[in-house]
Each structure stands twice: as structure tokens, then as C-alpha cells.
Amino acid sequence: MTNPIFWDGVLRGGAAALLLLLVCNFARDWRGGLAPRFGLLLTLGGVSYLTLPLMNAGLAGGWQVLPPHIMSLASPALFWLFAASWFDDDFELRPVHGGAVLLLVGAGLVSNYVWVARGGILLPLAWRSLSLVFVAMGVRIALQGRNNDLVEGRRRMRLALSIAIALLILWIVGSEVTTRGWPPPVAWRLANAMAVLLLAATVAFSLFGWRDPALLAPPVRAGAAVAAPEADDSALLARLQASMARERTYRQEGLTITAVAAGLGVPEYRLRRAINRGLGARNFNAYLNGFRLAEAEQALADPAQKEVPILTIALDAGFGSLAPFNRAFRAANDCTPSEYRAQKLRD
């Protein structure tokens, strides 16, 4: 029972079992949006990574190992896309995202099957550096919008889970830098299997402990019905809406939900809950942009302001610059501000 190969198999088997449970969990919500789909692919990448050494040992590195190897090579990029689709409600999948995954996988295949065979280390180091870039981008997405996240359960879990996944990938990529040849040393395999098992247990415990169905749900479309607010939040929402409508609080530059909660004299968590459950908003900036866009649309349709530059209208409404205004306006109206103004003035 002290054979390290035995314990390596036990650790990998336990981690793979937990990851397969996560695969089933994400597969169940496959139709719910991009986040469950990328979560499914990411966990499959983890299963592939765990089973790859065993397949190499049993199949002598034949072609059968190529599919799981590709999945494991894609894991850093899949983590980035999972973070983007889960934490960024405005994320849209584009061809460039698929190209980034193919770039990482292609570089990894060349590095592992061509360059290493020639004894070189330059490309393997470049591929691992690229993997770290994808990990860093995923962590950045998780950190960047955390304060504006109105889904309280997602806000609590996003930081811990993302950093845990990032640390695991950093550990694996970093440990591989010091490892040459295949199969890797048993001590290296044991350490990595233990790291994956701990992460899989953490993620599984967190996911299966969630009770809020909104955590992985896609954003609510404009005009869609939302759940009625809790009774004790109705008065708070009325005060909030009055502050936005009469005082135009949304115009303040760099306005945060912390400042709004302080101005209303309520705990920040309660204001988050009221906006999320009562109004269906999942992001505080998106909530503010609704008021800003309404003001900008009114100004663009006003003949008396037809000579006012669009940048001035955007800044007066509370947008920090023209670029985010254009993006938000186009997403809401399917046209540019200039096209909107021309159409309204013509009508």
C-alpha cells in the first residue's frame, strides 16, 4: 500500500470522479448559456489531464492519447472563456475566441510532439508563458467587475473559485517547467494529482452547495418579466428610483454601489439584493446605464439639441468616455447614436 503508483492512481481516480460529477452538473444546464458549456469543457479538460499519464503508460503514447491531450492543452484558454462567460454579462462569443484556443492548442502540440523531440526548450517555455497569459486574463475578469456584481452568491464565489483554478493551473504549468521527458517523475505526478483533487473537492462542494439558480443563468433580456421584490425592499427601491429620477444620481462620475448605499443609509448587501431581485439587474453599471441611455436617447431625439455633440451628451448622461457609451447604446438600440439621432429627427 506504500507504492507511490498506487496512491497516484487513488488520487487521480478520486479527482476524476469529482470532476465527472461537475461534468454532469454543467451538462444539465447546457442550454442555460455559455457559462455551463465552458464549465463542461473545462472540467473535461481536467479529467483529460488526470487520465493522460495513465493512458501514456498503458498505450505507449499512441494516437489514442491525442484527444485528451488536446483537451488538457486547451484548459488555460477554456478557463479564460469560462470566467468571461460567467462573470461578464455582456460577453459574446466571437471567432477570435476560437482562434485563441486553437493558437494555444496548436502551440502546445508543436511544443510537445515536435520541439521536445529535438531537445529544444524555447517553444515549450513560450507555450507555457502563453498558458499563463490566459490564466491571468481569466483572473483579471473575475477581479475587475466583482464590486458591481449584484448576484450575491456569484459575487462571493467568483473570486475564490477563479483564484483556486488559476493557482492550480499555475502550479501545473510551473511544475512542468522543471520536468523534462515522459512519463513525468512519480513525485511530480503525486503532487499534481493531490492539487487537482483538492481543487475538484473545493469546486464540487461550492457548486453543489449553491441554491441560487441565478448564479449560472444568462442575463435577463430587456422587457422580460422579473420576480417580484421582497416586501421589505419595496420602499428601498422606491427611494432608489426617486434618487435616480429626480436627483440624477447616475450622472456622478465613478459612482459605486457602496456610495449609493451610504447615501440611502442602508447596508450595501441589502441594496444589492433589492436591485437584483426586485429589478432583475445583475450588474450595477448596467443598472446605471439604463438611466444614462434613457437620458441620452431623449437628448438625441430633441430637435433643440441637434447641434450638441454626441460626446457632450454622453458625458452629461454620466458615461466616462465615448467608447463605452457607443457600445452600450448599440447593444440597447441595434444602431449607433448618430443613426438613432438621424432617424428620430427625420421622423
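The paragraphs below set out a description of the structure included in this document. (Residues numbered from 1 in each chain as written. Predicted model: local features only at pLDDT ≥ 70, side-chain atom pairs only at ≥ 80, totals over all residues. Heavy atoms only, no water.)

When helices and strands are tallied, the chain shows 15 helices and 0 strands. Sorting the 347 residues of the chain into buried and exposed places 43% on the buried side. In the chain, of all internal contacts separated by at least 6 residues, the share reaching a separation of at least 24 is 72%. Surface exposure of the chain reaches about 18,000 Å², of which carbon and sulfur atoms provide 63%. (Helix = DSSP H or I, 4+ residues; strand = E, 2+ residues; numbered from the N terminus. Buried < 20%, exposed > 50% of the residue type's maximum accessible area, 1.4 Å probe, protein only. Contact = heavy atoms within 4.5 Å. Areas by Shrake-Rupley, 256 points an atom, 1.4 Å probe, with all protein chains shown as cover.)

Let us now look at the pattern of salt bridges. Tallying each qualifying case throughout the model produces 3 salt bridges. Its salt-bridge partner being E92, residue R94 comes within 3.9 Å of it at the nearest N-O pair. You can call E92 exposed: its relative accessible area is 51%. The salt bridge partner of E268 is R272, with a shortest N-O separation of 2.5 Å. (Salt bridge = Lys/Arg side-chain N within 4 Å of Asp/Glu carboxyl O.)

This paragraph deals with the nonpolar core. L19, F79 and V196 are the most contacted members of the largest nonpolar core, which totals 46 residues. Where this core is concerned, the elements lending two or more residues are helix 1 (4–28), helix 2 (34–59), helix 4 (75–87), helix 5 (95–115), helix 6 (122–144), helix 7 (152–177) and helix 8 (186–209). Considering every element that reaches this core, the biggest residue donor is helix 4, with 10 residues. By size, the runner-up hydrophobic cluster in this structure holds 20 residues, among which are L150, L237, L264 and A281. (Core = buried A, V, L, I, M, F, W, Y, C linked by side-chain atoms within 4.5 Å.)

What follows covers unusual backbone geometry. The backbone of R248 sits at a positive phi, close to 50°, despite the residue not being glycine. As for its placement among the helices and strands, R248 is situated in the loop between helix 9 (234–246) and helix 10 (257–264). By relative accessible area, R248 is classed as partly exposed at 38%.

Interaxial distance between helix 12 (residues 284–300) and helix 13 (residues 310–317) falls to 9 Å at its minimum, and their mutual angle equals 145°. For the crossing formed where helix 12 meets helix 13, the hand is right-handed. Taking contact as the criterion, the partners of R292, E295, A296, A299 and L300 in helix 12 are, on helix 13, I310, I313, D316 and A317. (Axes fitted to C-alpha atoms, helices over the stretch in contact; angles between N-to-C directions. Left-handed = near helix turned anticlockwise from the far one by under 90°.)

As a further point, take the environment of L11. Positionally, L11 belongs in helix 1. Each C-alpha atom, one on L11 and one on L50, is 9.3 Å from the other, the two residues being 39 residues apart in sequence. When near neighbours in sequence (up to four residues on either side) are disregarded, L11 contacts L190, A193, M194 and L197.

So, about helix 12. Helix length check: helix 12 (17 residues) gives 24 Å between terminal C-alpha atoms against 24 Å at 1.5 Å per residue, within 8%. Here helix 12 lies mainly inside the structure; 12 of its 17 residues are buried. Of the residues flanking the start of helix 12, the one acting as N-cap is N283, its side-chain oxygen 2.9 Å from the backbone nitrogen of N285. (Expected span 1.5 Å × (residues − 1). Polar contact = N/O pair within 3.5 Å; in protein donor to acceptor, adjacent residues only side chain to side chain.)

Turning our eyes to something else, we now look at helix 10. Buried within helix 10 are the following residues: I257, V260, A261 and L264. Projection of helix 10 onto a plane perpendicular to its axis shows the buried side chains occupying an angular sector of 100°, all on one side. Exposed side chains of helix 10 directed beyond 90 degrees from the buried face belong to A262 and G263. Buried-residue contacts for helix 10 involve helix 9, helix 11 (268–279) and helix 12. Just downstream of helix 10, G265 is the residue with a positive phi angle, here 70°. (Arc of directions from axis to C-beta.)

Scanning all chains against the criterion turns up 10 aromatic pairs. Taking the centre distance of 5.4 Å and the plane angle of 50° together, the rings of W80 and F134 count as tilted. Taken together, the residues W80 in helix 4 and F134 in helix 6 connect sequence positions 54 residues apart. No difference in accessibility class separates W80 from F134, as the two residues are buried. Between W86 and F87 the ring centres are 4.6 Å apart and the planes differ by 25°, which places this aromatic pair in the stacked class. One exposure class covers both W86 and F87, and it is buried. By the ring-pair criterion, three or more aromatic residues cluster together here, those being F26, F82, W86 and F87. Just above the ring of F319 sits the side chain of R292; from NZ or CZ to the centre is 5.9 Å. (Phe/Tyr/Trp six-rings, centres within 6.5 Å; stacked < 30°, edge-to-face > 60°. Lys NZ or Arg CZ within 6 Å of the ring centre and 35° of its normal.)

What follows is about the environment of P309. On the secondary structure map, P309 appears in the loop between helix 12 and helix 13. For P309, a relative accessible area of 47% gives the class partly exposed. Sequence-wise, P309 and S338 are 29 residues apart; in three dimensions their C-alpha atoms are separated by 10.0 Å.

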